[in-house]
Every structure is written in structure tokens, then in C-alpha cells.
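Examination of the molecular architecture
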Amino acid sequence: MNQPNQPNQQAVSFTTINQSTMINTRILAIETSCDETAAAVVENGTTILSNIIASQTDLHAQYGGVFPEVASRKHIEVIHAVVDQAMNTAHLGFDDLDCIAVTRGPGLVGSLLVGVNMAKGLAVGSGKPLLGINHIEGHIYSLWLSEETDKIEFPLLTLVVSGGHTELYLMHNHLVYEHLGRTLDDAAGEAFDKVGRLLGLPYPGGPAIDKASQDGSPTAFKFPRAVLDDGYNFSFSGLKTAVLRETNKYQPDKLPVNDMAAGFQAAVVDVLVAKTAAAAEDYNVAAVHLAGGVSANRALRRQMQESLDIPVRYPPPILCTDNAAMIAAAAHYRFMSDRRDTLDMDVLPGLQLV
Ligand code: KG4
Ligand code: ZN
């Protein structure tokens with residue numbers, strides 16, 4: 001395992017934010033990084049006034065994954081209605097807002113462009129500042145929407161596990177991160193989705209495997225755990241190949257789906273928990289936060305809680321998967337640290353957090 005480092009100097013020089021001295025903010029945020037068209041209005045980074053999500057899941061199910069061209073076209077069709085609904089539900093006009101925030105990356109370029117251009121148009125039309133937000137930072141700040149913020153202590157460790165990411169961040173303070181680990185190949189959610197397809201389960205595979213596992217034995221199949229020696233990085237491609245090899249031994253209609261789902265899920269959860277627990281101990285953190293679509297997984301939540309004797313927190317399921325409320329929550333802290341963007345802001349599909 002890596003030895004704990006000092007936080008990187010660039011990160012610690014960031015403005016430290018004191019929640020008690022904050023002014024009130026009302027932020028409209030837009031999120032279109034993948035296949036959810038979402039808009040939300042959030043007050044003070046904590047109180048959700050509206051949270052509208054138009055999911056394209058049914059549309060992409062026929063392809064077994066997100067079809068980028070189809071996703072961006074659908075965003076264009078529905079984004080106006082989604083933003084209108086977010087503003088109407090919040091009972092606010094644009095004059096009541098402090099800024100317009102939008103996900104600028106990481107994500108699918110065509111999808112990001114729809115949200116960013118919509119946000120630019122709204123910023124010009126309303127005269128309000130524009131703020132581009134990192135999608136991963138949004139997932140991290142989803143925890144501030146569901147917790148009383150004064151309970152949250154630093155340093156804390158956040159495991160962001162989604163369809164596109166498996167990242168371990170040490171958070172020293174608001175907006176101050178140290179990147180401890182990442183997946184070297186497939187993201188955890190991507191592995192759930194691919195294995196779901198191998199098992200003939202509906203898309204997306206994550207929730208389907210979570211459900212099927214309830215009726216399966218996690219020990220009927222012993223799939224490999226890639227607990228790599230290089231620090232806090234993850235790898236899931238070998239596990240996916242092991243499941244594929246096992247499925248090939250059965251006639252499709254004879255697949256022991258529930259046992260295989262439970263065995264696969266147990267292997268993913270064991271690795272996520274082992275690495276997170278090791279980092280939590282090495283860095284002596286106050287709490288562990290789970291975020292991203294896979295943080296909705298019941299076995300992951302349970303096992304993480306059972307394995308750690310510090311608080312383990314996760315958002316309610318609706319805030320685990322992509323939404324714009326989390327983007328507004330992150331935008332609140334960026335706004336308070338005086339960050340503003342200009343109309344030449346571009347999308348950044350490969351944007352890193354640190
Ligand atoms: O955060 P998210 O909505 O999108 C990305 O930013 O990628 O995460 C979507 C991912 C999908 O891979 C989905 O299968 C997975 O989250 N997921 C789950 C569960 N619910 C969603 N994985 C495991 N168990 C779940 N209950
Ligand atoms: Zn996401």
C-alpha cells in the first residue's frame with residue numbers, strides 16, 4: 001500500500017471555506033454528461049428546491065449501453081422542458097438565481113455540449129454568472145444534499161463508483177482533494193453492466209445484479225479478487241473475463257444467473273471495501289463517503305459499514321445516479337470560492353478533478 005502523503009501543495013492553497021460565514025445561494029444546475037437530461041435548483045448547496053431527471057435508460061436498453069449519438073439528440077429534444085420544470089417546481093424566476101452551473105466534463109462530448117450551450121444561453125439571457133463543474137466533484141457533493149453539513153468532518157475519504165469511474169479521493173477540506181486511486185481498466189459500474197449482459201439481465205446491469213444477488217449465494221462461484229499491490233488502484237477486467245469463461249460452460253437457458261450475479265457482486269464489493277478500508281486506516285480519516293451509481297448497491301453499503309468503525313455515508317438512491325442537484329451543490333462551494341467562468345468555456349470530456 002502507498003504510504004500517506006502530504007496533501008499536494010496546489011490543492012492546499014485553495015481558499016478554505018467556512019460554512020458558517022456563507023451567504024445564501026440559489027443555483028440552477030444542468031447535467032447532461034451521459035444519458036440523463038437533468039436540471040435542479042438548490043439553495044445553499046444543501047436544500048433541493050427541484051430535481052428533474054429525464055432518463056434515457058429505456059432508449060439505450062436496446063443497444064445494451066449508452067449510444068452517444070442517440071444520447072445527444074435526445075438531450076436536445078428534452079432539455080428546454082427539463083429546465084422549465086426545474087424552475088417552475090422551485091417557484092423561482094431567473095432573477096432569483098445567483099448563477100447558472102453546468103457539467104463541463106468528464107463525459108460524452110456530444111451530450112456535454114447540449115448542457116453547456118443551454119447554460120451559456122441562459123447565462124446570457126439572465127445576466128447571471130456561468131459556472132462549469134466537474135461531474136465527479138458533483139458526485140462527491142451529493143453527500144452534502146443528504147446530510148446535515150455540520151456533521152461532516154475532514155479529512156474524509158470518498159469512493160466514487162459509477163458507470164465511468166472508480167476513484168478514491170482523500171478530501172482535506174471543501175474543494176481540496178488528493179487522488180489516491182483509480183481503476184486501471186473497467187469502471188465498477190461498467191463491469192456490472194457488462195456482466196449483466198453476459199447473464200442475460202436487463203440494462204443497466206448494476207440494479208439488476210443487485211436484485212438477482214438477493215436470491216443467489218455469494219460463495220457458489222469464487223471469482224477472482226484483483227487486490228493489486230500498487231496502492232489504491234482497482235482492476236475489474238480480469239473479473240469480467242472470469243465470469244465470461246464460467247458462463248461459457250452452460251447452455252444459455254441453464255445459466256445459474258442468481259448465483260453468478262451474487263458471486264460477481266461479492267468479488268467487486270470485496271475489492272472496493274478492502275482498498276477503501278486500507279486507505280481509511282492509512283490516512284486516519286473521520287468518515288468514508290460513497291458516491292456514484294454503484295453506491296446504490298446494497299451489498300456495498302452493508303459491507304462497507306460492517307468493515308469500518310467510522311461513519312460510512314451514502315446518498316439516497318436518486319442522488320447516487322446522475323442528477324443536477326449534485327452539480328448545484330458542488331457549484332455552491334465553487335461559487336463561494338469566487339470561481340466564475342466565461343462564455344468561451346468549452347466542454348472537457350476527459351476532465352480530471354486533480
Ligand atoms: O453515476 P451514474 O448514474 O453514471 C455515471 O456517471 O457513470 O452510474 C451509473 C452506473 C451504471 O453502471 C449502473 O449499472 C450502476 O451505476 N448502478 C449500480 C446500481 N445502481 C446503479 N451498480 C450496482 N448496484 C446498484 N444498485
Ligand atoms: Zn455520474
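Residues numbered from 1 in each chain as written. Chains lettered and ligands numbered in written order. Predicted model: local features only at pLDDT ≥ 70, side-chain atom pairs only at ≥ 80, totals over all residues. Heavy atoms only, no water.

Along the protein chain, the regular secondary structure elements total 13 helices and 10 strands. Relative to a compact globule of 354 residues, whose C-alpha radius of gyration would be 20 Å, the protein chain shows 20 Å and is just as compact. Considering only C-alpha atoms, the protein chain reaches an extent of 60 × 45 × 30 Å along its principal axes. Counting across all 354 residues of the protein chain, residues that qualify as buried make up 55%. Counting every atom, the protein chain has about 14700 Å² of accessible surface; 49% of that belongs to carbon and sulfur. Averaging the positions of the 25 positive and the 39 negative side-chain charges in the protein chain gives two centres separated by 4 Å. (Helix = DSSP H or I, 4+ residues; strand = E, 2+ residues; numbered from the N terminus. Rg over C-alpha atoms; globule rule 2.2 N^0.38 Å. Buried < 20%, exposed > 50% of the residue type's maximum accessible area, 1.4 Å probe, protein only. Areas by Shrake-Rupley, 256 points an atom, 1.4 Å probe, with all protein chains shown as cover. Lys, Arg positive; Asp, Glu negative; His and termini not counted. Charge placed at Lys NZ, Arg CZ, Asp CG, Glu CD.)

Here we take up the site of ligand 1. The immediate surroundings of ligand 1 are formed by 20 residues, with G163, D193, D210, N297 and D322 found nearest. Within the backbone of G164, one N or O atom sits 3.1 Å away from an oxygen atom of ligand 1. Bound to the protein, ligand 1 loses 89% of the 560 Å² it would expose on its own. Taken together, the elements giving at least two residues each to the shell around ligand 1 come down to α5 (135-141), α7 (188-198) and α8 (205-213). Classifying every residue of the shell around ligand 1 by side-chain character gives six nonpolar, 11 polar and three charged. (Near = heavy atom within 4 Å. Polar contact = N/O pair within 3.5 Å; in protein donor to acceptor, adjacent residues only side chain to side chain. Nonpolar A, V, L, I, M, F, W, Y, C, P; charged D, E, K, R; others polar.)

What follows deals with unusual backbone geometry. The linkage connecting F154 with the following residue, P155, adopts the cis geometry, with an omega of 0°. If you trace the backbone, P155 turns up in the loop between α6 (143-146) and β6 (156-161). Between Y203 and the following residue, P204, the backbone shows a cis peptide bond with an omega angle of -5°. Of note, P204 is situated in the loop between α7 and α8. A positive phi angle, near 55°, is found at N44, a position not held by glycine. Tracing the backbone through its elements, the reader meets N44 in the loop between β2 (36-43) and β3 (47-55). Positioned with a positive phi, L175 is a non-glycine residue whose angle comes to about 70°.

This part is about the side chain of T166. Within the secondary structure layout, T166 lies in strand β7 (residues 166-173). You can call T166 buried: its relative accessible area is 0%. In this structure the side chain of T166 is engaged in a polar contact, spanning 2.8 Å, whose partner is the backbone nitrogen of A188. Residues contacting T166, with those up to four places away along its chain left out, are V160, V161, G181, R182, T183, A187, A188, F234, F236 and L272. (Contact = heavy atoms within 4.5 Å.)

Below, the discussion takes up the sheet that holds β7. Here we have five strands laid out as an open sheet, ordered β8-β7-β6-β9-β10, and mixed in their pairing. With one partner strand each, in any of the chains shown, β8 (176-182) and β10 (312-313) form the two edges of the open sheet. Across five bridges, the pairing between β6 and strand β9 (residues 287-291) is parallel. Looking at the pairing, L156 lines up with A287 of β9. (Pairing = 2+ DSSP bridges.)

We note that the domain assignment places domain 1 (19-142 + 319-336) and domain 2 (152-314) within the protein chain. Look at where the C-alpha atoms of domain 1 and domain 2 centre, and you get two points 26 Å apart. Each partner contributes residues to the interface: domain 1 has 19 residues there, and domain 2 has 17 residues. At the boundary of domain 1 with domain 2, total buried surface from both sides reaches about 1500 Å², with 69% on carbon and sulfur atoms. Of all residues in domain 1, I136, I140 and C320 bury the most surface against domain 2, accounting for 37% of the area lost on that side. Linking domain 1 with domain 2 are zero salt bridges. Going through the elements one at a time, α2 (57-61), α5 and α13 (325-336) are the ones with two or more residues in the side of domain 1 that touches domain 2. Broken down by element, the side of domain 1 that touches domain 2 gets its largest block of residues, five residues, from α5. (Domains from an automatic or database assignment. Buried area = accessible area lost by both parts, 1.4 Å probe. Salt bridge = Lys/Arg side-chain N within 4 Å of Asp/Glu carboxyl O.)

Applying the stated criterion across every chain yields a total of zero disulfides. Among the cysteines around C34, which has no disulfide bond, C320 carries the closest sulfur, lying 16 Å off. (Disulfide = S-S within 2.5 Å.)

The next thing to look at is the confidence of the model for the protein chain. Across the protein chain, the average pLDDT comes to 92, with 93% of residues at or above 70. Within the model, the stretch residues 1-16 combines pLDDT values under 50 with 29 contacts to residues more than four positions away or in other chains. (pLDDT = per-residue confidence, 0-100.)

A few words now on the pairing of strand β1 (residues 26-31). When you tally the buried positions in β1, you get five out of six residues, the bulk of the element. As defined by bridge partners, β1 adjoins β2 across six bridges and the pair is classed as antiparallel. Looking at β2, one finds that I30 is bridged to A39. Where β1 folds back onto β2 in an antiparallel hairpin, the turn is made up of four residues. The pairing of β1 with strand β4 (residues 99-105) spans four bridges and is parallel. The residue bridging A29 from the neighbouring strand is A101, located in β4.

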